[in-house]
Amino acid sequence: MKAIVTGTTGQDGYYLSKQLLQNGYEVHGLVRRSSNINTFRIDPLISEYGPEGKFKLYYSDLIDSSSITNLINNIQPDEIYNLAAQSHVAVSFKNPIYSTHTSTTGTVTILESIRNGNKDIKFYQASSSEMFGGEKEEKLNEKSKLNPKSPYAAAKVFCHDMTKIYREAYGIFAVNGILFNHESPVRGETFVTRKITQAVGRIHLGLQSKLTLGNLDASRDWGFAGDYTKGMYLMMQHSEPDDWVLATGETHTVKEFASKAFESVGLNWEEFVETSDKYKRPNEVNHLLGDPEKAKNELGWVAETSFDDLVKMMVESDIESAEREKVLLENKLIKPTWEYHT
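These numbers come from a predicted model, not from an experiment.

Novice: Can you walk me through the nonpolar core in this structure?
Specialist: Most often, soluble globular proteins have nonpolar side chains that are buried together. Formed by 56 residues in total, the largest nonpolar core has its most connected members in Leu 20, Tyr 81, Leu 83, Tyr 124, Ile 196, Met 235 and Phe 262. The leading source of residues in this core is helix H11 (residues 307-330), at 6 residues. Apart from residues lying up to four places away in sequence, Ile 196 is in contact with Leu 211, Leu 213, Val 254, Phe 257, Ala 258 and Ala 261. Formed by 18 residues, the second largest nonpolar core is a distinct cluster that contains Ile 4, Ile 114, Phe 123 and Ala 174.

Here's what the structure looks like:
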């Protein structure tokens, strides 16, 4: 089996690629060409499975339609997992044109390549809980109303709908995975959960003194990314293509996450956390809670990692990172960073 994974250097790209390789797949990962190419997440996979083995990387960009089409035609994969996007909501407000263009163009390009080429290729689209808007405190499922509150979410709605259109109009095996927030030790440092756990590690070791956050009352359904990429795979193995919500079915606030993270190292979060309007969204999404019942019944999928275990996993990883940083500083192998608030 051969699979193309776009966004392979990201959090989900790493976990999914690892799982596919362990399942015997030949994985073809797409890496966006830029001036700062960072493969740190997938370096272990490159060492074990590539570059001449079952893990192959290609420089491409979702807005380069001809490059994407040529790769699909040359590789002839069995499955394509479209995970690539400018996925930070706050950044999508600052750069809406690039954020929306990347997501929408890439999705349609892949779907068109399948339609005009090999219709037996299965397609996975990474949809997002951000599409729901989160105005009410309710459990959200596959039939809930979509009400995007950011350029990122609006682009995801477009891709979600286009995937359904191509499935219904052309008989393509195209699925939407509507994933609620999922985190891990390799989550990007600009996302709030990782900002918190990284700060906890650095504060615990005296490398940082304060953490600045935005809306502490924002409530999210947080799970472990490694569980969710297993769900992606299960969707692609289902007998019929459809849309599925992946979530834990429980919600926690940013304040709860911070409290739990600081508590794990014996600290009181209130002594270290400050808030600033700078980190609040122009259009806030207050509450996101998913209903994973359909995925449980049809795919046999459940979130295996608890909220407490997720926080513990991330804090422990970031303490290890802070310990390495401290050793480098003490040996003057790196220069001290400025005092920063994340």
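Moving on, there is more to tell.
Novice: Could you clarify how one ought to interpret helix H6 (residues 151-170) in this entry?
Specialist: For the α-helix, the turn length of 3.6 residues means that residues three or four positions removed from each other point alike. Taking 1.5 Å of rise per residue, 20 residues should cover 28 Å, and H6 covers 28 Å from first to last C-alpha, within 8% of that figure. Among the residues of H6, Pro 151, Tyr 152, Ala 153, Ala 155, Lys 156, Val 157, Cys 159, His 160, Met 162, Thr 163, Tyr 166 and Arg 167 are the ones counted as buried. Elements that come into contact with the buried residues of H6 comprise helix H4 (89-94), helix H5 (96-116), strand E5 (122-128), strand E7 (174-179) and strand E12 (243-246). Where H6 terminates, the next one or two residues include Gly 171, which has phi positive at roughly 70°.

Novice: Would you mind showing me how to read the sheet that holds strand E1 (residues 2-6) here?
Specialist: Within a sheet, each strand pairs with its neighbour through backbone hydrogen bonds, oriented either parallel or antiparallel. Across the sheet, 7 strands lie side by side as E3-E2-E1-E4-E5-E7-E12; this open sheet has parallel pairing. Each having just a single partner strand, strand E3 (55-60) and E12 make up the two edges of the open sheet. Along the sheet, successive strands turn relative to each other by an average axial angle of 20°, direction set aside. Contacting E1, strand E2 (26-32), E3 and strand E4 (79-82), helix H3 (residues 65-75) runs over the sheet at an angle of about 155° to E3. The strands touched by H5 are E1, E2, E4, E5 and E7; relative to E5, the strand with the most contacts, the crossing angle is about 160°.

Novice: Explanation requested: the pattern of salt bridges in the structure shown.
Specialist: It is possible for side chains bearing opposite charge to pair when their charged atoms get close. Applying the stated criterion across every chain yields a total of 11 salt bridges. Taking the shortest distance from any N to any O, the salt bridge between Glu 112 and Arg 115 comes out at 2.7 Å. Of this pair, Glu 112 and Arg 115 both sit in helix H5, separated by 3 residues, roughly a single helical turn. The salt bridge involving Glu 135 is made with Lys 149; its shortest N-O contact spans 2.5 Å. Within this pair, whereas Glu 135 is found in the loop between E5 and strand E6 (139-140), its partner Lys 149 is found in the loop between E6 and H6, the two being separated by 14 residues in sequence. Using a relative accessible area of 57% as the deciding quantity, one classes Glu 135 as exposed. Its relative accessible area of 16% is what places Lys 149 among the buried residues.

Novice: Would you mind going over the side chain of Ser 150 with me for this structure?
Specialist: Inspection of the secondary structure assignment puts Ser 150 in the loop between E6 and H6. Since its relative accessible area comes to 6%, Ser 150 is described here as buried. Within the structure, Ser 150 has its side chain in polar contact with the backbone nitrogen of Ala 153 (distance 3.0 Å).

Novice: What is the right way to read the environment of Thr 39 from this model?
Specialist: Inspection of the secondary structure puts Thr 39 in the loop between E2 and helix H2 (43-49). With 31 residues separating them along the chain, Thr 39 and Thr 8 place their C-alpha atoms 9.0 Å apart. Once you skip the residues sitting within four places of it in the chain, Thr 39 turns out to touch Thr 9 and Ile 46.

Criteria and cut-off values
- Note that residues are indexed from 1 along each chain, following the sequence as it is written.
- At least 70 in pLDDT is required for a residue's local features to be given in this predicted model, at least 80 for side-chain atom pairs to be given and counted, and no such filter applies to totals for whole chains, interfaces and linings, which use all residues.
- Side-chain measures were taken over the full set of non-hydrogen atoms in the model, leaving aside hydrogen atoms and water.
- In these notes, a set of buried Ala, Val, Leu, Ile, Met, Phe, Trp, Tyr and Cys residues joined through side-chain atoms within 4.5 Å is what counts as a nonpolar core.
- Residue exposure (1.4 Å probe, protein chains only): buried if accessible area is under 20% of the type maximum, exposed if over 50%, otherwise partly exposed.
- A helix here means a DSSP run of H or I that spans at least four residues, while a strand means a run of E at least two residues long, and both kinds are numbered starting from the N terminus.
- By definition in these notes, contact holds between two residues if any of their heavy atoms fall within 4.5 Å.
- The span one expects for a helix is its residue count, reduced by one, times 1.5 Å.
- Note on pairing: DSSP must find at least two bridges between two strands before they are called paired.
- Whenever a helix is involved, its axis is fitted only over the stretch in contact; in every case the axis is a line through C-alpha atoms, and angles between N-to-C directions fall within 0 to 180 degrees.
- A pair is scored as a salt bridge if a Lys or Arg side-chain nitrogen falls within 4 Å of a carboxyl oxygen belonging to Asp or Glu.
- Residues adjacent in sequence count toward polar contacts only when both atoms are side-chain atoms; beyond that, a polar contact is any pair of N or O atoms within 3.5 Å, and within protein one must be able to donate a hydrogen and the other to accept it.

This is a description of form; function is not addressed.
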